[in-house]
Amino acid sequence: MLGVLGGGQLGRMWSHAAQALGFRTAVLDPDVHSPAGLVSHLHVCADYLDPGALAQMAAQCQAITTEFENVPAQALRQLGLSLPCAPSDQPVAVAQDRALEKAHFVQCGVPVAPHQVLNSAADLASVAPTLLPGILKTTRLGYDGKGQVRVATLADLPAAWAQLQSAGPTVCILEKRLPLQAECSVVLARGWDGQMVHLPLQVNLHRDGILAVTEVFEHALPAGLEQQALQAADDVARGLNYVGVLCVEFFLLQDGPERDHLGPLVVNEIAPRPHNSGHHSIDSCDVSQFDLQVRCMAGLPLVQPRLHSASVMLNLLGDLWWASGTAAAEPPWASVLALPGVHLHLYGKTQARPGRKMGHLTVTAATPEGARHVALQAASVLGIAAW
Ligand code: ADP
Ligand code: MG
């Protein structure tokens, strides 16, 4: 039996992959209706730091992973005392804190956005004007654009700071807002022996801070840039002595002074787990990011995934259920399933709320143009804006 901390959609897809290899799966998540709990052999329904629950996971599982950004690293530390955890608590603690994360990137020598950590209101006075316009982010617990405020000028900073302190005092980081040409990500897997493999480079479009579209095909970026991204991702993983699946997100900068100064690629952040931008791999690659996560945990061989189809992934947010007025209505799945190469994944969440990730669909095709053509048709059927 393999175990996961967190019972969201990532845990659900991981559970499917683990079960395909004959493993039983266990999920620790306090939500009775958690998507992964619903498809696993064992759902320990308790808080992540509940001592009894952690003891039960340790007793029943051969290895542990995590699927949710904000599962306390302490839970992994505890479990790591008695069984293999991929990833272990230390890299997770780094990924959970934007200040530690940025410091790690700097230490690895990979380019990052100019930034300053703000520990208290007193620090606002020392902010360099060159960081504006910027984005103020809480160092912890942010995801999908939550815990972030755009700040146009120095004069706007105190209000942004106050807004992020409203739920209690929190350390923030101010990042210079960079002119983005595109965003991309690399999902890699690193084994206990340091061997690394990776998914092909993913090109990502975000809307309102949430991933909307991922496109994956060969030579999406010039070879030099792709190589640079892979190298930076490798450096970041090796520097953390990482074991497991890791996603590294990048900004590709527009031409201009920032790009002249920083170079074309800037590391944005890491996720110590499979990533939304890697979901395409279930349908477009011969080994998926979830297969890799299972193989890492179980100490099974890692092989380099091969992209067998060009693909476009669309996130299906809860907004789609509310397209036609005030009552939630199921989107027209039959119409999208009638399109060639559509792979629909729904996560079994019963409540569709705006911005909530309810599912995704991946279109695979022989060519990038073919995949994009069908994905645009699917988007149009579902009421997702074209890109
Ligand atoms: P999250 O943890 O919510 O994914 P991110 O730091 O990745 O937080 O920010 C979400 C999105 O906001 C990014 O994917 C990007 O589109 C935009 N963004 C964040 N930081 C910057 C920045 N420094 N410059 C320009 N855009 C940014
Ligand atoms: Mg992000």
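Residues numbered from 1 in each chain as written. Chains lettered and ligands numbered in written order. Predicted model: local features only at pLDDT ≥ 70, side-chain atom pairs only at ≥ 80, totals over all residues. Heavy atoms only, no water.

**Student:** Mind showing me how you'd approach the nonpolar core here?
**Tutor:** Across soluble globular proteins, nonpolar side chains have a tendency to be buried as a group. Formed by 27 residues in total, the largest nonpolar core has its most connected members in Leu246, Phe250 and Ile270. If you list the elements that add at least two residues to this core, you get α4 (89-95), β9 (180-190), α7 (223-239), β13 (244-253) and β14 (265-271). Of all the elements, α7 adds the most residues to this core, at 7 residues. Dropping the residues within four chain positions of it, Phe250 is found in contact with Glu183, Cys184, Ser185, Val186, Ala229, Ala232, Ala233, Leu265, Val266, Val267 and Asn268. Counting 24 residues, the second-largest nonpolar core is a separate cluster that includes Leu320, Leu361, Val374 and Ala375. (Core = buried A, V, L, I, M, F, W, Y, C linked by side-chain atoms within 4.5 Å. Buried < 20%, exposed > 50% of the residue type's maximum accessible area, 1.4 Å probe, protein only. Helix = DSSP H or I, 4+ residues; strand = E, 2+ residues; numbered from the N terminus. Contact = heavy atoms within 4.5 Å.)

**Student:** I tried to follow empty space enclosed by the protein on my own but got confused; where do I start?
**Tutor:** The gaps left among the atoms become clear once a water-sized probe is rolled over them. Under the definition given, this model contains 1 cavity of 30 Å³ or more. As a volume, the largest cavity reaches approximately 90 Å³. Along its surface, the largest cavity is lined by 14 residues, and Glu69, Ala95, Gln96, Arg98 and Gly142 are the ones closest to its centre. Only α5 (98-108) and β14 provide two or more residues apiece to the lining of the largest cavity. The residue makeup of the lining of the largest cavity, split by class, is 3 nonpolar, 5 polar and 6 charged. (1 Å grid on protein atoms, 1.4 Å probe; cavity = no way out; pocket = protein on both sides within 12 Å on 5 of 7 lines; lining within 4 Å. Points joined across faces, edges and corners; volume = space filled by probe spheres on them. Nonpolar A, V, L, I, M, F, W, Y, C, P; charged D, E, K, R; others polar.)

**Student:** What is the right way to read the layout of surface pockets from this model?
**Tutor:** Taken as a whole, the second largest pocket spans an internal volume of roughly 270 Å³. Lining the second largest pocket are Arg207, Asp208, Ile210, Ala212, Asn315, Leu317, Asp319, Leu320, Gly355, Gly383, Ile384 and Ala385. Residues that form the lining of the second largest pocket fall into these classes: 6 nonpolar, 3 polar and 3 charged.

**Student:** Where do I start with the pattern of salt bridges in this structure?
**Tutor:** For side chains of opposite charge, pairing can occur when their charged atoms come near one another. Using the criterion set out here, one finds 10 salt bridges in the structure. The partner of Lys176 in a salt bridge is Glu258, with the nearest N and O atoms 3.4 Å apart. Within this pair, whereas Lys176 is found in strand β8 (residues 172-176), its partner Glu258 is found in helix α8 (residues 257-262), the two being separated by 82 residues in sequence. Of the two residues, Lys176 and Glu258, neither departs from the other in class, the shared state being buried. The salt bridge involving Asp235 is made with Arg238; its shortest N-O contact spans 3.7 Å. Linking Asp235 with Arg238, this pair stays in helix α7, spanning 3 residues, or about one helical turn. Given a relative accessible area of 24%, Asp235 falls into the partly exposed group. Through salt bridges with shared partners, one network takes in Lys102, Lys137 and Glu175. (Salt bridge = Lys/Arg side-chain N within 4 Å of Asp/Glu carboxyl O.)

**Student:** What is the right way to read the packing of helix α2 (residues 51-60) against helix α3 (residues 73-80) from this model?
**Tutor:** If you want to describe how two helices pack, look at the angle between their axes and the distance between the axes. Across the interface, α2 lies against α3 with an axial gap of 10 Å and an inter-helix angle of 45°. When the interaxial angle is binned, α2 and α3 end up oblique. Relative to α3, α2 is oriented so that their crossing is right-handed. Packed against α2, whose contacting residues are Leu54, Met57 and Ala58, the element α3 presents Ala75, Gln78 and Leu79 at the interface. Taken together, the residues of the contact of α2 with α3 sort by class into 5 nonpolar, 1 polar and no charged. (Axes fitted to C-alpha atoms, helices over the stretch in contact; angles between N-to-C directions. Parallel < 35°, antiparallel > 145°, perpendicular 65-115°, else oblique. Left-handed = near helix turned anticlockwise from the far one by under 90°.)

**Student:** Looking at this model, I keep getting lost on the sheet that holds strand β1 (residues 2-5). Mind explaining?
**Tutor:** The pairing of strands in a sheet comes from backbone hydrogen bonds and takes either a parallel or an antiparallel form. One open sheet accounts for 4 strands, arranged β3-β2-β1-β4; its pairing is parallel. Bordering the open sheet on either side are β3 (42-44) and β4 (63-66), each of which pairs with just one other strand. Adjacent strand axes in the sheet meet at a mean angle of 20° when their direction is disregarded. Contacting β1 and β4, helix α10 (residues 289-298) runs over the sheet at an angle of about 140° to β4. (Pairing = 2+ DSSP bridges.)

**Student:** Looking at this structure, I do not really get the pairing of β9. What am I missing?
**Tutor:** Here is the key point about a regular strand: its side chains alternate between the two faces of the sheet. For β9, the tally of buried residues reaches 8 of 11 residues, placing the bulk of the element in the interior. Across 10 bridges, the pairing between β9 and β13 is antiparallel. Bridging across to β13, Cys184 finds its partner in Phe250. As judged from the 3 bridges shared by β9 and strand β11 (residues 202-207), these two strands associate in the antiparallel manner. The residue of β11 that forms the bridge with Cys184 is Val203.

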